[in-house]
Amino acid sequence: MNPPPPSVRPSTRPGRLAGAASGLLAAAVALAVAELVSGFVPSTTSPVVSVGEWVIDHVPPPVKTFAITTFGSNDKVALIVGTLVLLAVFAAVIGILARRRRWIGLAGITLFGLVGAATALARPGATITAALPSLLGAGAALAALVWLLGPTGGQAPASTPASASTPASNDDVVRPGAEQPATMIATSTPGAPAGFDRRRFLRQAAMVGTGAVVVGAVGRSQQGRFDVSAARAELTLPAPASAAPALPAGTDLGTPGITPFMTTNADFYRVDTALVAPQVAPDTWALRIHGMVDHELNLSYQDLLDRKLIERDLTMVCVSNEVGGSYAGTARWLGVPLAELLDEAGVQDGADQLVSTSVDGWTAGTPVSALRDGRDAMVAVGMNGEPLPVIHGFPARIVVPGLYGYTSATKWVTDIELTTFAAYDAYWVQRSWAKQATIKTLTRIDTPRGLATIPVGRTAIGGVAWAIHRGIRQVEVQVDDGPWQVATLGAVPHADTWRQWVLEWDATPGSHTITARATDETGQLQTTDRAAPIPDGASGWHSVVVLVG
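Quantities reported herein were computed from a predicted structural model and do not represent experimental measurements.

**Re the overall build of the chain**
From N to C terminus, the chain includes eleven helices and 19 strands. A buried classification covers 49% of the 549 residues belonging to the chain. Nonlocal contacts in the chain, meaning residues at least 24 apart in sequence, comprise 77% of its contacts between residues at least 6 apart. As displayed, the chain has an accessible area near 25200 Å², and 59% of this comes from carbon and sulfur atoms.

Encoded structure:
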């Protein structure tokens, strides 16, 4: 008699697809529970945000510049999406590995929770509660993964064939020389585990997925309790003691394609390190001015509004702006003159740096000399006739004309310390940017756009130029290797804004290179030397290539 073939062993282990799905669902549970905790515990945030902000703080400056250049104002969205994609890949791999070795899945989720907790606790001013979303989310994810995959792995025991210890019926008797009946191959012992139950898994996966969506939605809705938009909408800013004069005729040249002289709040560029804009209520906001001063000042938001406010049209430029870039804008700002606050505090001899700190710990170092030379530096509370938008620093921020934002434009400012450049390096200085950076003279061609096809004949070449706090004296345009031609300039209220310019050109068929350059009011011609934004701002002449025909 030949021995019976091995019995069929149905696997209780889920397939790779089910393992990957289990890992992804566990990650979804972690994020949903983290959102729920953040919705009920103030000053906490999702691990995706805390990890993303940690990445922003530690990424090399060239990488940040690349992200800004590549994604523009969507750089934060790109970072969040990238983080979620990496998390999804990690979760799927963990789920697949956990099919065979549960400890890998448990270790992976635990690592996720610890990383989220560590990055949350690393934020300035963080308390132990900052770790709760990541830790509780990880705990829920562990439970979800174990429930979806089952408490143990492995295969079902082999089916047990009939033996001498098990009475056999007459039909089970094997006569000498007869073939074994097929029923003996697959006979199962009562109570032996069956194969992987896909229906059960799909039911549980649907339950977990639905629960994650519901819990996450509740968490997001609860986070709205910390939104300060309603408090901002209820504010009415006082009239300025020194109002901005009406713009002179001709500030906008009326040429289609040229950037408007004034930038709306919605169109104003945003470059900062906050993945989620801090929500600071005006009734709890406070500003401390201390350090190398004779008298420490502590001001509430109402204290600022009760002071004599100034209103000025000022152009701001980000140091990350490439030649021809769009990270510049002009707005009408309302605020308290910084020079008055410094005089009231009494700046001590030797203090050459003002360090302003945001509620999220970001810092900027500003030369004290630039705040006391007559320029309209201010603690701003208004922008274009309304309270500062939340993403632009509500309730208050610093605005200093003539300096790149990384050395001055602190949003959500809560602290000002008088110190020295020798004693302290601000946020971006610690990351290899220059300690001081005056906005360079730059010209930008807005129309025609690069690689545009335009008709033969009269065409307007136009754009904007800036040399903030020096002013623009002249803009010149060159087509191909032809002579430099002087453009017509728009009017400006003062030297702290950009300036429109336009030149009429008789376009001839073919491909043409258009170049522009500016001269500031000191007589200094914009440098032709091409430089990247790091360490103190980009430089070079802007050129575009167009096709006429």
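Having seen the model, we can carry on.
**Focus: the pattern of salt bridges**
Counted according to the given criterion, the structure contains 22 salt bridges. Of the charged contacts in the structure, one is a salt bridge between Arg 307 and Glu 344, with a shortest N-O distance of 3.0 Å. Here Arg 307 is found in the loop between helix H9 (301-305) and strand E3 (310-317), whereas its partner Glu 344 is found in helix H10 (residues 338-345), with 37 residues between them in sequence. Look at Arg 307 and you get partly exposed, because its relative accessible area is 24%. Judged by its relative accessible area of 38%, Glu 344 is partly exposed. Several salt bridges converge on common partners, so that one network encompasses Asp 75, Lys 76, Arg 270, Asp 272 and Lys 411.

**Regarding the sheet that holds strand E15 (residues 485-486)**
Pairing is mixed across the open sheet formed by five strands, whose spatial order is E12-E19-E18-E14-E15. Only two strands of the sheet have a single partner each, and these edge strands are strand E12 (453-454) and E15. Looking at chain direction, strand E14 (residues 472-479) and E15 are connected through two bridges and run antiparallel. The residue of E15 that forms the bridge with Glu 476 is Val 486.

**Observations concerning the nonpolar core**
Ranked by internal contacts, the top residues of the largest apolar core, which has 57 residues, are Trp 333, Val 381, Ile 416 and Leu 418. Here the element with the most residues in this core is strand E7 (residues 378-383); it accounts for five residues. If we ignore the near neighbours within four places in the chain, the residues touching Ile 416 are Leu 287, Arg 288, Ile 289, His 290, Leu 338, Leu 354, Val 355, Ser 356 and Ile 398. If you look at the next biggest cluster of nonpolar residues, it comprises 25 residues, including Ile 258, Val 319, Ala 328 and Val 464.

**Regarding the layout of surface pockets**
One number sums up the size of the largest pocket: a volume of about 1300 Å³. Every residue lining the largest pocket is counted, 36 residues in all, and those nearest its centre are Ser 43, Thr 44, Thr 45, Val 276 and Pro 278. Those elements that provide at least two residues to the lining of the largest pocket are helix H1 (16-40), helix H2 (47-58), helix H4 (75-98) and helix H7 (198-223). When residues in the lining of the largest pocket are grouped by element, the largest group, four residues, is from H2. The residue inventory of the lining of the largest pocket, partitioned by class, reads 18 nonpolar, twelve polar and six charged.

**Here we look at the sheet that holds strand E16 (residues 488-489)**
What the four strands build is an open sheet, ordered E11-E13-E17-E16; its pairing is antiparallel. Taken across any chain shown, the strands that pair with only one partner, and hence form the sheet edges, are strand E11 (442-447) and E16.

**Some remarks on unusual backbone geometry**
The omega angle of the peptide bond from Phe 394 to Pro 395 is 10°, so this bond is cis rather than trans. Along the chain, Pro 395 turns up in the loop between strand E8 (386-387) and strand E9 (397-399). In this chain, Thr 447 is followed by Pro 448 through a cis amide linkage whose omega measures 0°. For Pro 448, the position within the fold is in the loop between E11 and E12. In the Ramachandran plot, Ser 43 falls in the positive-phi region, its phi being about 65° despite a non-glycine side chain.

**Observations regarding the pairing of strand E1 (residues 286-291)**
Two strands pair when backbone bridges link them, and E1 and strand E2 (residues 297-300) are joined in this way by four bridges, in the antiparallel orientation. The residue bridging Ile 289 from the neighbouring strand is Leu 297, located in E2. Where E1 folds back onto E2 in an antiparallel hairpin, the turn is made up of five residues. Alignment of E1 against strand E10 (residues 413-419), held across four bridges, turns out to be parallel. Of the residues in E10, the one forming a bridge with Arg 288 is Asp 415.

**Focus: the confidence of the model for the chain**
With 89% of its residues at a pLDDT of at least 70, the chain reaches an overall mean of 89. The low-confidence segment residues 153-193, where pLDDT is below 50, has 38 contacts with residues more than four positions distant or belonging to other chains.

**Observations regarding the packing of aromatic side chains**
Between two aromatic rings, the relevant description is the distance of the centres plus the angle of the planes. By the definition in use, this model includes eleven aromatic pairs. Judged by centre distance (5.2 Å) and plane angle (20°), the ring pair of Phe 268 and Tyr 269 falls under stacked. Each member of the pair Phe 268 and Tyr 269 is classed as buried. With 6.2 Å between their ring centres and 40° between their planes, Trp 466 and Trp 498 make a pair best called tilted. A residue pair is termed long-range when its members are at least 10 positions apart, and Trp 466 in strand E13 (residues 457-466) and Trp 498 in the loop between E16 and strand E17 (499-507) qualify at 32 residues. Taking relative accessible area as the criterion, Trp 466 reaches 1% and is therefore assigned buried. The class of Trp 498 is buried, set by a relative accessible area of 0%. Here the aromatic residues Trp 362, Tyr 406, Tyr 427, Trp 428 and Trp 433 are joined through ring pairs into a cluster of three or more. Note that Arg 431 overlies the ring of Tyr 427, its terminal NZ or CZ placed 3.7 Å from the centroid. The ring centre of Trp 484 lies 3.9 Å from the NZ or CZ of Arg 517, which sits over that ring.

**A closer look at the side chain of Asp 415**
Mapped onto the secondary structure, Asp 415 falls in strand E10. A polar contact of 3.0 Å, which involves the side chain of Asp 415, links it to the side chain of His 290. Once residues within four sequence positions are removed from consideration, Asp 415 is found in contact with Leu 287, Arg 288, His 290, Val 355, Ser 356 and Thr 357.

**What about the environment of Asn 321?**
Mapped onto the fold, Asn 321 is located in the loop between E3 and strand E4 (328-337). Separated by 216 residues in sequence, Asn 321 and Gly 537 place their C-alpha atoms 7.3 Å apart. Of the polar contacts made by the side chain of Asn 321, one reaches the backbone nitrogen of Ser 326; its length is 3.2 Å.

What counts as what
What you see as residue numbers is a count from 1 along each chain, following the sequence as written. In view of the model being predicted, local features appear only for residues whose pLDDT reaches at least 70, and side-chain atom pairs are presented and counted only at 80 or more, with totals across whole chains, interfaces and linings using the full set of residues. Side-chain metrics rest on all non-hydrogen atoms present in the structure, leaving aside hydrogens and water. Helix numbering and strand numbering both begin at the N terminus, where a helix is a DSSP run of H or I of at least 4 residues and a strand a DSSP run of E of at least 2. We call a residue buried when its accessible area falls under 20% of the maximum for its residue type, exposed when it is over 50%, and partly exposed in between, using a 1.4 Å probe and counting protein chains only. Note on definitions: a residue-residue contact is assigned when non-hydrogen atoms from the two residues lie within 4.5 Å. Throughout, the Shrake-Rupley method with a 1.4 Å probe supplies accessible areas, and for residues the shown protein chains are the sole cover considered. Salt bridges, as used here, are contacts in which a Lys or Arg side-chain nitrogen is within 4 Å of a carboxyl oxygen on Asp or Glu. In short, DSSP must find at least two bridges between two strands for them to pair. What we call a nonpolar core is a set of buried Ala, Val, Leu, Ile, Met, Phe, Trp, Tyr and Cys residues that are connected through their side-chain atoms within 4.5 Å. Both site types are read off a 1 Å grid over the protein atoms alone. A 1.4 Å probe that fits but cannot get out defines a cavity, while an open set with protein on both sides within 12 Å along at least five of seven lines defines a pocket; lining residues have an atom within 4 Å of a point. Grid points are joined across faces, edges and corners, and a volume is the space filled by probe spheres set on the points. Gly falls in the polar group here, along with every residue not listed as nonpolar (Ala, Val, Leu, Ile, Met, Phe, Trp, Tyr, Cys, Pro) or charged (Asp, Glu, Lys, Arg). What pLDDT reports is the predictor's confidence in each residue, on a scale of 0 through 100. We call Phe, Tyr and Trp rings a pair once their centres come within 6.5 Å, taking the six-membered ring for Trp, and we label the pair stacked below 30 degrees between planes, edge-to-face above 60, and tilted otherwise. For a Lys NZ or an Arg CZ to count as sitting over a ring, it must be within 6 Å of the ring centre and within 35 degrees of the ring normal. Under this definition, polar contacts are N or O atom pairs within 3.5 Å; protein pairs additionally need one hydrogen-donor-capable and one acceptor-capable atom, and for neighbouring residues in sequence, both atoms have to be side-chain atoms.

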